[in-house]
Amino acid sequence: MSNNRIEMIRQQLEQTLTPQSLEIIDDSHKHVGHSGAGGMGHFTVHICAAAFEGKTPLQRHRLVYEALAALMQTDIHALSIQASAPK
Amino acid sequence: MDILEKIKQQVEGAPIVLYIKGTAQFPMCGFSARVVQALNAVDAKFDAYNVLEDPEVFQNLPRYANWPTFPQLYIKGELIGGCDITLELFQQGELEKMVKAALA
């Protein structure tokens with residue numbers, strides 16, 4: 001179940017932002033019993049992409065949220081984002 | 001009043017405005033709690049709105065802000081970000097500067 005979600009997140013981010021590196025961590029176990037998405041759907045994304053070059057943290061996060069827009073409505077309850085541009 | 005107009009008035013109604021799940025005293029979500037802690041640590045005075053108590057704001061703030069999640073921190077009417085960005089700014093010492101400038 002959560003592996004599927006990670007795969008969906010990975011596909012969306014790879015298609016939209018073609019990241020150099022991408023790590024997706026499922027934090028859902030930390031939030032069992034928490035309301036919303038059945039206590040599921042907490043993720044951390046570490047993403048490094050050329051698309052973030054020259055962008056503020058706010059703009060970088062928006063790009064990630066936009067790439068995941070469909071999933072934000074359903075499968076993602078909370079998302080922690082660490083976004084960087086290649087050095 | 002139109003809901004987006006109401007949100008605009010809230011956002012611009014104080015130098016620092018925070019939308020969270022729960023209250024500043026009793027946040028109902030870990031991300032909200034961490035942002036409240038960071039703001040308290042830099043002595044920020046802020047207006048907090050509990051989105052769990054206002055379903056209209058809960059549904060429409062993401063549209064107003066083009067930002068899908070909570071918490072949301074605003075300084076001088078402008079969206080600063082959610083938990084990750086606020087904590088990053090806090091760790092860099094930037095949050096304190098922004099707060100001081102906003103309250104000066």
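In the block above lies the structure referred to throughout.
Residues numbered from 1 in each chain as written. Chains lettered and ligands numbered in written order. Predicted model: local features only at pLDDT ≥ 70, side-chain atom pairs only at ≥ 80, totals over all residues. Heavy atoms only, no water.

**Some points on helix H4 (residues 83-92) of chain B**
Buried within H4(B) we find Cys83(B), Asp84(B), Ile85(B), Thr86(B), Leu87(B) and Leu89(B). Residues of H4(B) that are buried sit in contact with helix H2 (57-67) and strand S3 (78-84) of chain A together with helix H2 (30-41), strand S3 (72-75), strand S4 (78-81) and helix H5 (94-103) of chain B. Among the residues trailing H4(B), Gly93(B) stands out with phi positive, at a value near 80°. (Buried < 20%, exposed > 50% of the residue type's maximum accessible area, 1.4 Å probe, protein only. Helix = DSSP H or I, 4+ residues; strand = E, 2+ residues; numbered from the N terminus. Contact = heavy atoms within 4.5 Å.)

**With respect to the packing of aromatic side chains**
Within this structure, the stated rule accounts for 4 aromatic pairs over all chains. Taken together, a centroid distance of 4.9 Å and an interplanar angle of 80° make the contact between Tyr65(A) and Trp67(B) edge-to-face. Of this pair, Tyr65(A) sits in helix H2 while Trp67(B) sits in the loop between helix H3 (55-65) and S3, which puts the two residues in different chains. Of the two residues, Tyr65(A) and Trp67(B), both sit in the buried class. The side chain of Arg34(B) reaches across the aromatic face of Phe31(B), ending 5.1 Å from its centre. (Phe/Tyr/Trp six-rings, centres within 6.5 Å; stacked < 30°, edge-to-face > 60°. Lys NZ or Arg CZ within 6 Å of the ring centre and 35° of its normal.)

**Considerations on the pairing of strand S2 (residues 47-50) of chain B**
All names here are of chain B. For strand S1 (residues 16-20) and S2, the ladder comprises 4 bridges, and the chain directions are parallel. By the bridge assignment for S2, Leu18 is matched with Ala48. Chirality of the crossover, the property in question, places the unit of S1, H2 and S2 among those that are right-handed. (Pairing = 2+ DSSP bridges. Right-handed = clockwise from strand over helix to strand, strands pointing away.)

**Let's talk about the side chain of Asp54(B)**
All names here are of chain B. Mapped onto the fold, Asp54 is located in the loop between S2 and H3. Asp54 gets classed as buried once you look at its relative accessible area, which sits at 18%. Here Lys6 takes part through its side chain, which lies 2.9 Å from a polar atom of the side chain of Asp54. (Polar contact = N/O pair within 3.5 Å; in protein donor to acceptor, adjacent residues only side chain to side chain.)

**Quick notes on the pattern of salt bridges**
On inspection of all chains with the given rule, the structure shows 7 salt bridges over all chains. The salt bridge involving Arg10(A) is made with Glu14(A); its shortest N-O contact spans 3.9 Å. Of this pair, Arg10(A) and Glu14(A) both sit in helix H1 (residues 2-17), 4 residues apart, which is roughly one turn of that helix. Its relative accessible area of 23% is what places Arg10(A) among the partly exposed residues. For Glu14(A), a relative accessible area of 39% translates into the label partly exposed. Among the ionic pairs, Glu94(B) bridges to Lys97(B), the shortest N-O distance being 3.3 Å. Taken as a pair, Glu94(B) and Lys97(B) lie in helix H5 at a separation of 3 residues, close to a single helical turn. Since its relative accessible area comes to 31%, Glu94(B) is described here as partly exposed. Here Lys97(B) falls in the exposed class, since its relative accessible area comes to 53%. (Salt bridge = Lys/Arg side-chain N within 4 Å of Asp/Glu carboxyl O.)

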